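# Descriptive structure summary
So the chains spell out like this:
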Amino acid sequence: MSQTSPRLTLPLLAPSQAQKHVTHNEALARLDLLVQLTVQAFEAATPPAAPVEGTIFALGAAPTGDWAGQAHQLAGFSGGGWIFIAPREGWQARLASTGVAHVWQDGAWGIQPTDLLGVNATADATNRLAVAAEAVLLSHDGAGHQVKVNKATASDTASLLFQTGWSGRAEMGTAGSDGFAIKVSDDGATWRQALRVDPATGHVGIGPDADTSYALGVAINATGPTICVRNTGGAGGAQFELIDDASGGNWRFKTVQGGSFKLRDHGKDVDHMFLYATPRRTEFAGGVRPGSFAVAGLPDPAAMGAGCMIYVPDESGGAVMAFSDGTDWRRMTDRAVVS
């Protein structure tokens, strides 16, 4: 017959044993340490200088001092000395400072996993973590912080879904591919792509039908402006800026002075074209060069429209500027039809 119990290794009384109270009290001391097991530290290595009666430590691989040679044992201070107990597979213990539960499995203590967790909410098989609160805080532990959403394959979905009354209104992430996208819905049933980013190039497409062949693509079936650049009061006006690093070229299209428009070589501080809103007048900083057409290849004057000007290098009377009257091309020198 064994002298200890099979699970907690409690000492057992023997028939006709003298001083039975000693064995009984030793068993009670072990029970006092192990029942509702709470430890002061996991992977402990150094005994405290002034241990408190009834405290217990989960030792690490190389404990020292009074714990030397007791690797991975439970060390409990009882009756003025240390009691060492080997943990068994499946035993659970909580860390006193946090209340976090650990389980002894495969020779090590690990945080006890849980299948469902509800915080002020009910978790289920799909939503295994459920939180009902005014806010959820995810903060750093001394440096950066990442929130990771992982999926099995590219054709699966890894996204954040925003809902109103449990009906989807916006979603961002990688849905059905590894390209990042943002889409929106006003009813939870019909979804519209607002933005897409190609994972291979980083190109961005804006709009339901936009592709990412360009660094920035915009596509929409619109009846109004597709892109709006608006100045809400600044002195610089609304503008596009085009910069070429290799050549140093810097050009701007911008609105100025009461709604007028200009094309500016900002790198050279030259306004090449100025379209005045009032009066309706256009100024050019340099010469104006209309398109050049040989007599044999003159475009249709009606299609070009009355008032259109061209340059004819081989007119019978010599090179000449010509204008359309809506029917014919006429020399600007004498209004004769170009021939």
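Read on for an overview of the structure. None of the values given here were measured: they were computed from a predicted structure.

## Some remarks on the packing of aromatic side chains
Scanning the model with the defined rule gives eight aromatic pairs in all. Between the aromatic rings of F57 and W82, the centroid separation amounts to 6.1 Å while the plane-to-plane angle is 65 degrees, which identifies the pairing as edge-to-face. Residue F57 is found in strand β2 (residues 56-58), and its partner W82 is found in strand β4 (residues 81-85); the two are separated by 25 residues along the sequence. Grouping residues by exposure puts F57 and W82 together as buried. Ring-pair connections join several aromatic residues into one group, and the members of that group are F57, W67, F77 and W82. Positioned above the aromatic ring of W191, the side-chain terminus of K183 is 5.3 Å from the ring centre. Note that R281 overlies the ring of Y276, its terminal NZ or CZ placed 4.2 Å from the centroid.

## Notes on the layout of surface pockets
A volume near 720 Å³ is recorded for the largest pocket. What lines the largest pocket is A121, N127, L129, A130, V131, V136, L138, L161, Q163 and W166. When residues of the lining of the largest pocket are traced back to their parent elements, those giving at least two are β9 (129-131) and β10 (157-164). No other element matches β9, which puts three residues into the lining of the largest pocket. A per-class count over the lining of the largest pocket returns eight nonpolar, two polar and no charged.

## Overview of the sheet that holds strand β23 (residues 329-331)
If you trace the three strands from one edge of the open sheet to the other, you get β21-β22-β23, paired in antiparallel fashion. Two strands close off the open sheet at either side, each with one partner strand: β21 (309-312) and β23. Averaged over all pairs of adjacent strands, the angle between their axes in this sheet comes to 40 degrees, without regard to strand direction. Relative to strand β22 (residues 320-324), β21 runs antiparallel, the two sharing four bridges. Bridge pairing in β22 links I310 to A322.

Thresholds, definitions, all that
Residues numbered from 1 in each chain as written. Predicted model: local features only at pLDDT ≥ 70, side-chain atom pairs only at ≥ 80, totals over all residues. Heavy atoms only, no water. Phe/Tyr/Trp six-rings, centres within 6.5 Å; stacked < 30°, edge-to-face > 60°. Helix = DSSP H or I, 4+ residues; strand = E, 2+ residues; numbered from the N terminus. Buried < 20%, exposed > 50% of the residue type's maximum accessible area, 1.4 Å probe, protein only. Lys NZ or Arg CZ within 6 Å of the ring centre and 35° of its normal. 1 Å grid on protein atoms, 1.4 Å probe; cavity = no way out; pocket = protein on both sides within 12 Å on 5 of 7 lines; lining within 4 Å. Points joined across faces, edges and corners; volume = space filled by probe spheres on them. Nonpolar A, V, L, I, M, F, W, Y, C, P; charged D, E, K, R; others polar. Pairing = 2+ DSSP bridges. Axes fitted to C-alpha atoms, helices over the stretch in contact; angles between N-to-C directions.

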